[in-house]
Every structure is written in structure tokens, then in C-alpha cells.
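Residue-level structure breakdown
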Amino acid sequence: MEIEYWGFIFVTILYTTSMEAFLDFFAGLPWWAWVLLFLVLVAIRDIFLQKAHTISHNYPIVGHLRYWLESIGPEMRQYFVANNREELPFNRIERSWIYASAKKENNYEGFGTDRDIYKHQHIFIKNAMIGFQMPENHPNHAHPYFLPCAKVMGAHNKRRKPYRPASIINVSAMSFGSLSAAAIESLNRGVEKCGAYHNTGEGGLSPYHKQGGDVIFHFGTGYFGVRSKDGGFSMEKLKILVDENPCIKAIEIKLSQGAKPGKGGVLPGSKITPELAEIRGVEVGKDVISPPTHKAFTTIPELMDFIESIAEETGLPVGIKGAIGKIDQWQELADLMKKTGKGPDFITIDGGEGGTGAAPPSFADHVSLPWSYGFSSVYKLFLEHGLTDRIVFIGSGKLGFPGKAAMAFAMGADCINVAREAMMSIGCIQAQVCHTNRCPAGVATQSKWRQSGINIPLKSDRLAQYFNTFKKEFLEITHAAGYEHPCQFNMEDVQVNVDDDYLSSDIRRVYKYQKEKVPFNSMQEFYECEHLGGKAAMEKV
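1. Some points on the overall build of the chain
- Counting secondary structure elements, the chain contains 21 helices and 13 strands.
- Counting every position in the chain, which comprises 541 residues, the buried fraction comes to 49%.
- For the chain, restricting intrachain contacts to residue pairs at least 6 apart in sequence, the fraction spanning at least 24 positions comes to 69%.
- As displayed, the chain offers around 26800 Å² of accessible surface, 58% of which is attributable to carbon and sulfur atoms.

2. Thoughts on the state of the cysteines
- Under the definition given, this model contains zero disulfides.
- In this structure Cys415 is not part of a disulfide, and its nearest cysteine sulfur, from Cys149, lies 3.7 Å away.

3. Structural notes on the nonpolar core
- Phe219, Phe382 and Phe467 are the most contacted members of the largest nonpolar core, which totals 115 residues.
- Of the residues forming this core, the biggest block, eight residues, is contributed by helix H18 (residues 456–480).
- Among the nonpolar cores identified, the runner-up in size contains ten residues, and Met153, Tyr163, Phe346 and Val392 belong to it.

4. Some details on the packing of aromatic side chains
- The full count for this structure, using the stated rule, is 23 aromatic pairs.
- With a centroid separation of 5.3 Å and an interplanar angle of 90°, the aromatic rings of Phe146 and Tyr527 are classed as edge-to-face. Taken together, the positions of Phe146 in the loop between helix H7 (139–142) and strand E2 (169–171) and Tyr527 in helix H20 (residues 523–527) put the pair 381 residues apart, joining distant regions of the chain.
- A relative accessible area of 3% means that Phe146 is categorised as buried.
- One aromatic cluster in this structure is built from Phe217, Phe219, Tyr223, Phe233, Phe297 and Phe306.

5. Structural notes on the pattern of salt bridges
- For the structure on display, the rule yields 13 salt bridges.
- For Lys239, the salt bridge identified is with Glu313, shortest N-O distance 3.2 Å. Separated by 74 residues along the polypeptide, Lys239 in helix H9 (residues 235–244) and Glu313 in helix H11 (residues 300–314) bring together distant segments of the chain.
- Between Lys472 and Glu476 there is a salt bridge; the shortest N-O distance is 2.9 Å. Here Glu476 and Lys472 lie together in helix H18, a separation of four residues that amounts to about one turn.
- When its relative accessible area of 36% is taken as the criterion, Lys472 is described as partly exposed.
- For Glu476, a relative accessible area of 42% puts it in the partly exposed group.
- Salt bridges sharing partners connect three or more residues here, namely Arg159, Glu308 and Asp345.

6. Remarks on the packing of helix H8 (residues 181–194) against H18
- Orientation of H8 relative to H18, taken along the N-to-C sense of each, is 45°, at an axis distance of 7 Å. Here H8 is positioned oblique relative to H18, judged by the angle of their axes. As H8 packs across H18, the resulting crossing turns out to be right-handed. Residues Ala182, Glu185, Ser186, Leu187, Arg189, Gly190, Val191, Lys193 and Cys194 of H8 pack against Ile456, Pro457, Lys459, Ser460, Asp461, Leu463, Ala464, Phe467, Asn468 and Lys471 of H18.
- Grouping the constituent residues of the contact of H8 with H18 by class yields nine nonpolar, four polar and six charged.

7. Structural notes on the sheet that holds strand E12 (residues 494–497)
- Taken together, the three strands give an open sheet; going across it, the order is E1-E12-E13, and neighbouring strands pair in antiparallel fashion. With partners counted over all chains shown, the strands left at the sheet margins are strand E1 (123–125) and strand E13 (504–506), one partner each. Here the average twist between neighbouring strands, direction ignored, is 25°.
- Both E12 and E13 contribute to a ladder of three bridges, which runs antiparallel. Along E13, the bridge assignment pairs Asn497 with Ser504.

8. Let's talk about the environment of Gly220
- With respect to the helices, strands and loops of the structure, Gly220 is situated in the loop between strand E4 (214–219) and H9.
- Taking relative accessible area as the criterion, Gly220 reaches 0% and is therefore assigned buried.
- Each residue touching Gly220, except ones within four places of it in the same chain, is listed here: Glu202, Lys254 and His294.

9. Some words on the pairing of strand E8 (residues 318–323)
- Of all six residues making up E8, six are buried, and the element is well covered by its neighbours.
- As judged from the four bridges shared by strand E5 (residues 248–254) and E8, these two strands associate in the parallel manner. Each bridged residue has a counterpart across the sheet, and for Glu252 the counterpart in E8 is Gly319.
- Pairing of E8 with strand E9 (residues 346–350) involves five bridges; the strand directions are parallel. Looking across to E9, one finds that Gly319 is bridged to Phe346.
- What joins E8 to E9 is helix H12 (residues 328–340), and the crossover it makes is right-handed.

Calculation criteria
Residues numbered from 1 in each chain as written. Predicted model: local features only at pLDDT ≥ 70, side-chain atom pairs only at ≥ 80, totals over all residues. Heavy atoms only, no water. Helix = DSSP H or I, 4+ residues; strand = E, 2+ residues; numbered from the N terminus. Buried < 20%, exposed > 50% of the residue type's maximum accessible area, 1.4 Å probe, protein only. Contact = heavy atoms within 4.5 Å. Areas by Shrake-Rupley, 256 points an atom, 1.4 Å probe, with all protein chains shown as cover. Disulfide = S-S within 2.5 Å. Core = buried A, V, L, I, M, F, W, Y, C linked by side-chain atoms within 4.5 Å. Phe/Tyr/Trp six-rings, centres within 6.5 Å; stacked < 30°, edge-to-face > 60°. Salt bridge = Lys/Arg side-chain N within 4 Å of Asp/Glu carboxyl O. Axes fitted to C-alpha atoms, helices over the stretch in contact; angles between N-to-C directions. Parallel < 35°, antiparallel > 145°, perpendicular 65-115°, else oblique. Left-handed = near helix turned anticlockwise from the far one by under 90°. Nonpolar A, V, L, I, M, F, W, Y, C, P; charged D, E, K, R; others polar. Pairing = 2+ DSSP bridges. Right-handed = clockwise from strand over helix to strand, strands pointing away.

By themselves, these are just geometric observations and shouldn't be taken as functional.
Structure representation (C-alpha cells):
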């Protein structure tokens, strides 16, 4: 026992002495030796331990530099490489115009345009020799940003609660969950300040959508917010929702969207917080699958019945939203509307350019037509059936610029919805990481830390200012063309470059139809309309 005791003491002393020597050795190492040691460990890991990356295996240490440079490549190109007109989906000039307009800064250009005005599809708006001059009692003298929709949603079908949007530019469908709570609240407070409406997106009506702005309640195949226990549609829930929330002015059924038409989605259970679960009517922590098609209807006649039943139960105008591809079912819808005298009160045409919804590149790049092609196909179809007067046509697809909006109105649009442009007005920097939950601006993320940087009163002011600046410049373009309201634009007022052989032509010849004339008497008539939305904004002026 005594030998074992002294043996233990000896080992302990030896171990303590060795540890002290070991620590003294490392404590005496210079900084460069620590760096060298770290690199040796990285090299061992790259060569012997990791099997996933060939580059770092074959080129240990320096291979990591390649992956790091690749990760910051988009930012390097955005800020240092791409020119002002080169980036997509929005170039630097377009983003700068939105930022300056939202901040009420100088959004002018000097020394002429740097755009190639002979480029394919460049838009020209034909100005009149003598423009429109507002009379002394014109509403725009007292309300310079007053620019409502020329049509009333639900008027033709005699809905109990018709609605005239008080703004021709509005916030497109973006869900809470896709966007942060701070972003949604900023958008809703912003539309309340400028008289626009706010489309909820298919994620349901959240508390952040109820900050004073008019709302269009939107649902898709997941029926979030009006979802039954089996994942179907609940009319009872919709009726309760509408009765309890007078801010809802219309209902939109999403058939498809530009980013991923015909594709459903999966909301992972890990992202479903108790708040999201309550808003969407789903279970906490359980994956939610949105199918590519609706359960509530499978045919066009069933869709018509569905629209009419919702309108009857709620009294609100009901519309549909779709990205355009094949036209045969739209033809069937038009035939049925002509036969029955019923149908949707508004139709939102989404462009295949995509939007805030994340999608596989195969869908985003190739499925569904760009906005101008899709809209012209559908509008022409309803025009041939004599139905355009009863429908409010809403355009959605990078139309948040006055020049593009003028072309949209000339083609038959009555309103436009903007998503990414609205996001930019409240701080989006086009980082294009919306699908990663790491949006650096706090707009498209559920990270509390990232969205804490959004100053809601300030950002809501900027959304309102962007919309007001847009309406002011759009009115100026309208007056320059000799008109009082954009609804008076026709397809001979806008010209586009076609190709080298055809050069340039008005869009009536390009798309082979003429927009139907929208009934219009005066802006004063719109101002006095009993169905005009945006009451809060008008009362504040």
C-alpha cells in the first residue's frame, strides 16, 4: 500500500510538472505560431476528415477562400461590377428611384437618360401638343395625390358592399410569415396614410394587417385563416373573419402566382410558431402542405359557384388571381360569365417575372407568361366577349414605375399591385435571400434581431411617400398625354420598340386589340363616390 501511495504521488507530480511545462510552452508561442497551428489543424481536417468538398480536399486551406468569395459574389457584383442598368430583377436606377421617392429626396436624372432608348421593348408614351390643364375646382388641387380606380369592384354584380380602391397603386399579396411582423405592420400603416389597400397574401389576416389600412383578404390552396380541420375551406370561418374585421373590403382567390404557378408548398413545422398557427389555423410544430390545386372546386363551373357563394355570404366583391399560360379555361370562364351574367368582380393578372414567393429556377424562369403577354391574352379574350366593363383588371408584375404603369393602363389595367417595389420602399436592398430567413434588412425574415432594425412609423411614412410620389408622377404623365385620369389611356398612346425590321409600333398593333373605353366623367365624381376606399387617408388631408 505504501509503494502504491508513493507511486501515485510521483505520477501526480510528474503529470503536474508536464502540464505546467506544456502550458508554459504554448504560452511562449508567438502569434504567428498560433496562426500556423490553426492552419495545420484546418489542413488536417480538409484532407483527412471532411469528404464533402473536393476543392478543399485537393487545395486545403486556400480552397476555403474560393467558397468565401463565391458567397459574397452577389454583393460584389451589385455594388462594384454591374452598371446602373444591368442588374435583375431591378437595376440600380430603378431601386434608386424607389428609395429616393420613398424618402422624398431628389429622384431626378441629370444630363439625359442613360437608357438605350432603341432597345427592344423600350416604352414611349406619346405626349399631347397641349396637355391637360386642371380647372380651378379640380380635386387634385386640394389632394395632389388623389388618384382612385376608375371602376367600382362589385358594382356590376350588385354586391352588397361595393368597393372603389382610392389608389391605383396598392400593396400586392405578401404573407405574414414570408414577411416579418414589422414589415407587414409598416406596409399596412403606410397604405392607411396614402389611401391604398393591402393584400394579405395567403398566410391569413394577422394583427399586423389590422393597423388602419384597407385590406383585400387573399387565400390560396392552403386556405390559411379560413381553414377547416381537414385542410379544406371553411365558409363559416370566412364569414366570422369578415364580420369581425370591417377593414376587409374584398376577397381574392389565388389560382396561381407568377413565381410558381401550379406548384404547392410546404411550411416546415419548425417555422410554425404559436402565433403563426393561430393566424393560419394550423397546428404548432406540424408540417403544413399547400397542394398545387384547390379542394373547394375542380372545374370552372364549380369556381363560378364558389365565387358567387362567397359573395352572397359576405356581401363583398370577390376576385381571382392567376398567372397566365394556357387560355382554354379562361375561355370557358368567359363563356360562362357571358351566359350567366355572373362571375368575378376583379381579376388580378400576375406576371411570370416572379415576385416575393420563392420558387425553383425551373418554375421562376420558364413557367407562365410575362405580364404583358399574359395580360394582353386574357384582356383580349374578355374584350371579345364584351365583359371588360364589368371587371376591374389588376396588373401585377414589376409595374411600380409610372412609365410601365402607363403602358399597363393603356392595355386595359384599372389598378396595379406592387410587392418587391413596396418592400424596397421600407428598406429591402435586393439581397435575394428571402428564402433563407436571413434578410439583412429585416423585411423577409422571422428573425427578431434582424427585424428589430425596422422603425415602423418611419418605414410606413416611406411606403406612403413612395405611393404618393408614384401617383404624382403618373398624373403628370397622364396630363402630358392630354388626359385627366390614366383610365383614358388607349393603346395608340404607347409605343414600344419591337425589333430591327419592325422598329417601333404602338401597342395596339403589337398586341392586336384596342382597349375598351372606360366610362369617365371627372375626378370629382370619383372623389364624391360613396364606395370610395381609403377614408382615413382622405380625412387626414
